[in-house]
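# Structural characterization, general
These are the residues of each chain, in order.
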Amino acid sequence: MIDLFSGLDAWVLVSLLLALTFVLAFEFINGFHDTANAVATVIYTKAMPPHLAVFFSGVFNFLGVLLGGVGVAYAIVHLLPVELLINVNTGHGLAMVFSLLAAAITWNLGTWYFGIPASSSHTLIGSILGVGLANALINDIPLGDGVNWQKAIDIAMSLVVSPMAGFAVAALVLIGLKWWRPLSKMHKTPEQRRKLDDKKHPPFWNRLVLVISAMGVSFVHGSNDGQKGIGLIMLVLIGIVPAKFVLDLNSTTYQIERTRDATLHMSQFYQRNAATLGEFLALGKAKASDLPEQFSCNPQQTEPTIAALQTSLQGVTDYRDLSAEKRVEVRRYLLCLDDTAKKVGKLPGLEAREKADLEKLRKDLTATTEYAPFWVIVAVALALGLGTMVGWKRVVLTVGEKIGKQGMTYAQGMSAQITAACAIGMANVFSLPVSTTHVLSSGVAGTMVANKSGLQGGTVKTILLAWVLTLPASMGLAAGLFWLASKAIG
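The rules behind the values
Residues numbered from 1 in each chain as written. Predicted model: local features only at pLDDT ≥ 70, side-chain atom pairs only at ≥ 80, totals over all residues. Heavy atoms only, no water. Helix = DSSP H or I, 4+ residues; strand = E, 2+ residues; numbered from the N terminus. Rg over C-alpha atoms; globule rule 2.2 N^0.38 Å. Contact = heavy atoms within 4.5 Å. Lys, Arg positive; Asp, Glu negative; His and termini not counted. Charge placed at Lys NZ, Arg CZ, Asp CG, Glu CD. Core = buried A, V, L, I, M, F, W, Y, C linked by side-chain atoms within 4.5 Å. Buried < 20%, exposed > 50% of the residue type's maximum accessible area, 1.4 Å probe, protein only. Salt bridge = Lys/Arg side-chain N within 4 Å of Asp/Glu carboxyl O. Phe/Tyr/Trp six-rings, centres within 6.5 Å; stacked < 30°, edge-to-face > 60°. Polar contact = N/O pair within 3.5 Å; in protein donor to acceptor, adjacent residues only side chain to side chain. pLDDT = per-residue confidence, 0-100. Expected span 1.5 Å × (residues − 1). Bend = angle between axes of the 7 residues up to and from the residue.

## As for the overall build of the protein chain
What the protein chain contains, in helices and strands, is 20 helices and zero strands. Taking 490 residues into account, the globule formula puts the C-alpha radius of gyration at 23 Å, and the protein chain, at 24 Å, falls close to it. Counting only C-alpha atoms and orienting by the principal axes, one finds that the protein chain spans roughly 80 × 55 × 40 Å. Sequence-distant contacts in the protein chain: of pairs separated by 6 or more residues, those separated by 24 or more amount to 83%. Distance between charge centroids for the protein chain: 15 Å, based on 39 positive and 32 negative side chains.

Next comes the structure, spelled out in structure tokens:
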């Protein structure tokens, strides 16, 4: 990590430290903003004392980030169009990162202050979309090209479907528990348990399930939300000190050879499917000399891009042997080939088997660009874990008592938490960012309906309003800040 600071101009160094501080501050705020959603039920049901629940939630958030990989991180990064990712310079990289982070932090703090379970995921995604659209307007790029809309649609679907699934599945789980054990003490609220049984804590098995599921929610929250911070730090590092981070300089010779071989196999794949892809990729028509000086991604230049990349990597066993300019160039080629492969994978006419082969080639192709240094993962894990240990009180009461007209029963808490842990865990498997806040609060709402407790209209309206407003508000804030920053450096 010390090498990160060597040879940098003073203003670049200050900007880098400030940007990293902003990202870690966002993750710290994300920790205490979303903590209540992971521990609300376990605290409200008195399954664990608040200080212990929050501490262990912080630990499991930390472990979730540490072990969660980087799939979700790069799903977030690739919301930005590939043109912006390959042509980012230090000034615009700083403007982009500071704008989206300032917008996300502002909205997160505002909703936390008023105790509204709003989504950090929505906020961050809205901020990234705002920056992408503002960049398109500033540079006279069509709005359709300002954002990676296909990725945005995929993420939007996961953000919309996951709370709906949380609502329905949690309701079904509760109905199942009521059918299985209709007279069980797990269907009591903490208040009823205290009055009727003169006991403070839930029954042993209910308590155990509540604790385990709460820690499960904390773990998957860390592995999903923590990756967003990892993606942001990689945006910062690539934008400000590209020479050191556009490629994974710790890549082994074998990994570099896999990358080089992937380009060769990709070329063979396109030739094999020339009847379907020939026109789309202009196969046999473009030459290496056709690559423009101002590099841009164009499927019609796929063959010359592959040829140029193979030439650049010829005989390379260590990325450190490449000049800084050459590393940036290699990354551009890799990102463009990956972007084209994504588009090809969505074309009609390709067999499912061929699409599966192309997906494997994409993974090999991006193995040395979609990465995160270990210190980045640890820093984000610490920020999220420490943030988790403060600020939980404002939202616990909302989740526990203000969503339904009656207090939450132990069975409702278990149903909502088990559903949230499974839903977010599945999203991690498919590298999709989802909102812990919305999955859990909608799960609680589903159990209230299934329990015939009814919903508190005021709280539900507030949560829905935050859900609807978060995306446009964060987009508008980030777009405005990016426009101002661009004018200032312009």
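## Some details on the nonpolar core
The biggest cluster of nonpolar side chains holds 90 residues, and the ones touching the most others in it are Ile-230, Leu-237 and Tyr-270. Ranked by residue count, the leading element in this core is helix H5 (residues 90-113), at 10 residues. In this structure, Val-39, Ala-171, Leu-177 and Ala-214 belong to the second largest nonpolar core, which totals 18 residues.

## Focus on the side chain of Thr-41
One can find Thr-41 in helix H1 (residues 10-44). Look at Thr-41 and you get buried, because its relative accessible area is 0%. Look past the residues within four positions of Thr-41 in its chain and what remains in contact with it is Met-408, Gly-413 and Gln-417.

## A closer look at the pattern of salt bridges
For the structure shown, the criterion picks out 13 salt bridges. In this structure, the salt-bridge partner of Asp-197 is Arg-193, at a minimum N-O distance of 3.1 Å. Of this pair, Asp-197 and Arg-193 both sit in helix H8 (residues 190-197), four residues apart, which is roughly one turn of that helix. Here Asp-338 and Arg-362 are joined by a salt bridge, their closest N and O atoms 2.5 Å apart. In this pair, Asp-338 sits in helix H14 (residues 324-345) while Arg-362 sits in helix H15 (residues 352-365), placing the two residues 24 residues apart along the sequence. Classification of Asp-338 as buried rests on a relative accessible area of 1%. When its relative accessible area of 15% is taken as the criterion, Arg-362 is described as buried. Through salt bridges with shared partners, one network takes in Asp-338, Lys-342, Glu-359 and Arg-362.

## Some remarks on the packing of aromatic side chains
One pass over the structure, following the stated rule, counts four aromatic pairs. Aromatic pair Phe-22 and Phe-98: ring centres 5.1 Å apart, planes at 85°, arrangement edge-to-face. Here Phe-22 is found in helix H1, whereas its partner Phe-98 is found in helix H5, with 76 residues between them in sequence. Overall, the relative accessible area of 27% leaves Phe-22 in the partly exposed class. Considering the side-chain rings of Phe-204 and Trp-205, the 5.1 Å spacing of their centres and the 75° angle between planes classify their relative orientation as edge-to-face. The pair Phe-204 / Trp-205 is uniform in exposure class, with both members exposed.

## Quick look at the environment of Asp-318
Its place among the elements puts Asp-318 in the loop between helix H13 (302-313) and H14. C-alpha of Asp-318 to C-alpha of Gln-417: the two residues are 99 residues apart in sequence and 46 Å apart in space. If we skip the residues at most four places from it in the chain, Asp-318 touches Leu-249 and Ile-256. At a separation of 2.9 Å, a polar atom in the side chain of Asp-318 contacts the main-chain amide nitrogen of Arg-320.

## Notes on the environment of Gln-406
Along the chain, the position of Gln-406 falls in the loop between helix H17 (393-402) and helix H18 (410-429). Judged by its relative accessible area of 45%, Gln-406 falls in the partly exposed class. Between the C-alpha atoms of Gln-406 and Lys-452, which are 46 residues apart in sequence, the distance is 9.6 Å.

## Some words on the confidence of the model for the protein chain
Scored by pLDDT, the protein chain comes out at a mean of 84, with 90% of its residues at no less than 70. When pLDDT is averaged over each helix and strand of the protein chain, the minimum, 58, is found for H17 and the maximum, 93, for helix H11 (residues 253-272).

## A few points about the side chain of Thr-366
Mapped onto the secondary structure, Thr-366 falls in the loop between H15 and helix H16 (374-388). Thr-366 sits in the buried class, given a relative accessible area of 7%. For Thr-366, the side chain forms a polar contact with the main-chain oxygen of Arg-362, separated by 3.0 Å.

## Here we look at helix H20 (residues 457-489)
End to end, H20 covers 47 Å across 33 residues, agreeing with the expected 48 Å (1.5 Å per residue, within 8%). A maximum bend of about 40° is found in H20 at Leu-469, where proline Pro-472 lies one to four positions downstream. Buried within H20 are the following residues: Thr-459, Ile-463, Ala-466, Thr-470, Ser-474, Ala-478, Phe-482 and Ser-486.

## Here's the deal with unusual backbone geometry
For Lys-46, which is not glycine, the phi dihedral falls at a positive 60°. Its location among the elements puts Lys-46 in the loop between H1 and helix H2 (50-67). A positive phi is found at Ala-282, a non-glycine position, where the angle reads about 50°. When you line up the elements, Ala-282 lands in the loop between helix H12 (274-281) and H13.

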